[in-house]
Each structure stands twice: as structure tokens, then as C-alpha cells.
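Residue-level structure breakdown
Each chain, letter by letter, is given below.
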Amino acid sequence: EAIDSPLLEVEGLRKEFGGVTAVDGASFRVAPGSFTGLIGPNGAGKSTTFNCITGIHDPTAGTVRFDGRDVTGLPPYALAERGLVRTFQIARELSEMTVLENVMLAPPGQVGESAIRAVLPGLREEVERDEADVVEEAWETLSFFEIDHLAHENAGNLSGGQRKLLEMARVLMTDPEMVLLDEPLAGVNPTLEEKLLDRIDELRREGLTFLLVEHDMDVIMEHCEHIIVMHQGRVLAEGDAETVQRDERVLEAYLGG
Ligand code: ADP
Ligand code: MG
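Remember, predicted model here, so these are calculated numbers, not experimental data.

**With respect to the overall build of the protein chain**
In terms of helices and strands, the protein chain carries 11 helices and 10 strands. The buried share of the protein chain, taken over its 257 residues, is 36%. Here the contacts in the protein chain between residues at least 6 apart in sequence split such that 67% fall between residues at least 24 apart.

Here's what the structure looks like:
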């Protein structure tokens, strides 16, 4: 099926590392409000594609368009300002802060803005109101992911699965339009996995768009309405779960490694 007004459009994406071509002219579109899965055997180029879209790598060639604008090569903070965000593992410094502090720190530009406002006495009231809003939103976000009981725990003490929920909570605090997730279920126990997927489904019903890189086929087939299969740096096939599962080339790619 054609995607006429894509939210994300990747065209002829290419990434070389020295002599290795990790992505070799990948093109695909992501419809607004969709839960799209990006799959493919190990080494297919999924993570590199993901990193090129999210500003971690500069593509060798090709374009990334988001919401109608060329965003190729923009750094993560600039993408976040436009509503395109990815999850990040909780960095060492943040693991020594509480869960609540982690979530409150997430909105981009917040620190800089507050610093500017703090020196302008006329805006003090506004600063206080803003901070109260952030606290309230932080608590709402924590309870949405059912980690509010961990608010005062150091992030470094969370289990792997709880940390993934915190990473999602941090991303949501930036008020994104589209969220990219690279293997968000790795090391997550089945109970938390279901919780995380439920939350994603719920957010999608509210209009958020998700692109998920995941090796667990069952999860992809159950939750994603559109699936893109990569192989050897290119898009091999795409469509709904049924279409992709029936595709002989997809079977071969997985069997052939
Ligand atoms: P996937 O996520 O689908 O498993 P990757 O995007 O991680 O695939 O990798 C695609 C190919 O590019 C692999 O052959 C991998 O070894 C290579 N590759 C990825 N990152 C680098 C890098 N930083 N330097 C050199 N080669 C890389
Ligand atoms: Mg990968």
C-alpha cells in the first residue's frame, strides 16, 4: 500500500564505514500515527539506518525528511525540537540521579531557558509556574509507565526493564510527534515487555508515530501494522505482517543469514 503523506521519508540512504557499506540505498516511508517495524537479519543495516535518521551518524548519501522538511544530518537535539526523538540509554551521570529527576531533566532546552528567565525578575512568576508544570507532568508520565513508586530511587538501581520504561518516560517528556526505538525489549522480562507495548499502543491511539527496530518477530507481527524488512543494507520487502511473512525473499534472507 502506498503512503501518500509520510511523516518520515528516507530516500536512497547510504552509509559507509571505511570499506564497509552498512546501508546501501535504503528508501522507505513511515505513515503518521503508525506503528512501523523495521526488521531484518543481523547485520542488515537496521541500527545504522536508525542512527542516520536520529542524527548519530552523518549519512554518506541520501536524504531524511521529517514532516515535509529535509532533516538529513541534523543533530539529535535539533530533531527533538522538531518532534523526532529516540530513546537513549541512561548515562552514567543520570544513573546517580533519581527517577523523578531524570524525567524532569528530559525536556530539551529547559535548562537554558530557565537560566535566561532567572536573570529577568519580571519573569520569575512564569518560571515558577513552568517548573510546577514540569513536576506535575513528570509525575503523570511516571504513573503512566507505572514507575511512580520508584520516583525517589536512583536510576542506577532500576532493573533492565524498569530502565527501559524510564527511557520511554524521558522521551515522552519532550512531547514528541515520532519516537524511534532500537530494540527496546532487549533484556526486558515478559511482564514489563507487555506493559511497555501496551503503553506504546495507547500512545499510538493518541496519534504518536513509532518506528521500532526489533529482532523479536512475534512482537513485530503482533503490534506493527506496517513492516519494513531490510537485508544487506537495502529494503527487501514491506507491507503488513501477512504480506511480509508470505514473502519468499524474506524467508530466504533470514535462513541465509
Ligand atoms: P543490524 O542493526 O541490522 O544488525 P548494523 O546497522 O548494526 O546492522 O550493521 C550493518 C553492517 O555495518 C554490519 O556489517 C556491521 O558490521 C557494519 N557496521 C555497523 N556499524 C559499523 C561501524 N561503526 N564501523 C564499521 N562497520 C560497521
Ligand atoms: Mg542492530
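That shown, we press on.
**Concerning the sheet that holds strand β3 (residues 35-39)**
If you trace the six strands from one edge of the open sheet to the other, you get β6-β7-β8-β3-β9-β10, paired in mixed fashion. Because the sheet does not close on itself, it has two edges, and the strands there are β6 (84-86) and β10 (234-239). The sheet shows a mean angle of 20° between the axes of neighbouring strands, direction not considered. In the sheet, strand β7 (residues 178-182) pairs with strand β8 (residues 209-213) via five bridges, with the strands oriented parallel. Following the sheet pairing, aspartate 182 is matched in β8 by valine 213. On top of the sheet, helix α1 (residues 46-53) reaches β3, β7, β8 and β9 (226-231); it is set at about 145° to β7, its chief contact.

**Observations regarding the packing of helix α7 (residues 160-172) against helix α8 (residues 190-205)**
Running from N to C, α7 and α8 cross one another at 15°; their axes reach a closest spacing of 9 Å. Judged by the inter-axis angle, α7 sits roughly parallel to α8. Every pair of crossing elements has a handedness; the one defined by α7 and α8 is left-handed. Only Leu192, Leu196 and Arg199 of α8 make contact with α7, whose side of the interface consists of Gly161, Gln162, Lys164, Leu165 and Met168. Residues of the contact of α7 with α8, tallied by class, amount to four nonpolar, two polar and two charged.

**Things to note about the site of ligand 1**
The environment of ligand 1 is formed by Phe17, Val20, Ala22, Gly40, Asn42, Gly43, Ala44, Gly45, Lys46, Ser47 and Thr48. At the level of elements, β2 (20-30) and α1 are the ones that each hand at least two residues to the shell around ligand 1. Looking at which element gives the most residues to the shell around ligand 1, the answer is α1, with three residues. Broken down by class, the residue content of the shell around ligand 1 amounts to four nonpolar, six polar and one charged.

**So, the domain arrangement of the protein chain**
Once the domains are mapped, the protein chain shows domain 1 (1-83 + 176-257) and domain 2 (90-175). Taken residue by residue, the interface counts 13 residues in domain 1 and 13 residues in domain 2. Take the side of domain 1 that touches domain 2: its biggest share by element is four residues, from α8. Partitioning the side of domain 1 that touches domain 2 into residue classes produces eight nonpolar, two polar and three charged.

Rules behind the numbers
- Residues numbered from 1 in each chain as written.
- Chains lettered and ligands numbered in written order.
- Predicted model: local features only at pLDDT ≥ 70, side-chain atom pairs only at ≥ 80, totals over all residues.
- Helix = DSSP H or I, 4+ residues; strand = E, 2+ residues; numbered from the N terminus.
- Buried ≥ 20, exposed ≤ 12 C-beta atoms within 10 Å, placed from the backbone.
- Contact = placed C-beta atoms within 7 Å.
- Pairing = 2+ DSSP bridges.
- Axes fitted to C-alpha atoms, helices over the stretch in contact; angles between N-to-C directions.
- Parallel < 35°, antiparallel > 145°, perpendicular 65-115°, else oblique.
- Left-handed = near helix turned anticlockwise from the far one by under 90°.
- Nonpolar A, V, L, I, M, F, W, Y, C, P; charged D, E, K, R; others polar.
- Near = placed C-beta within 6 Å.
- Domains from an automatic or database assignment.

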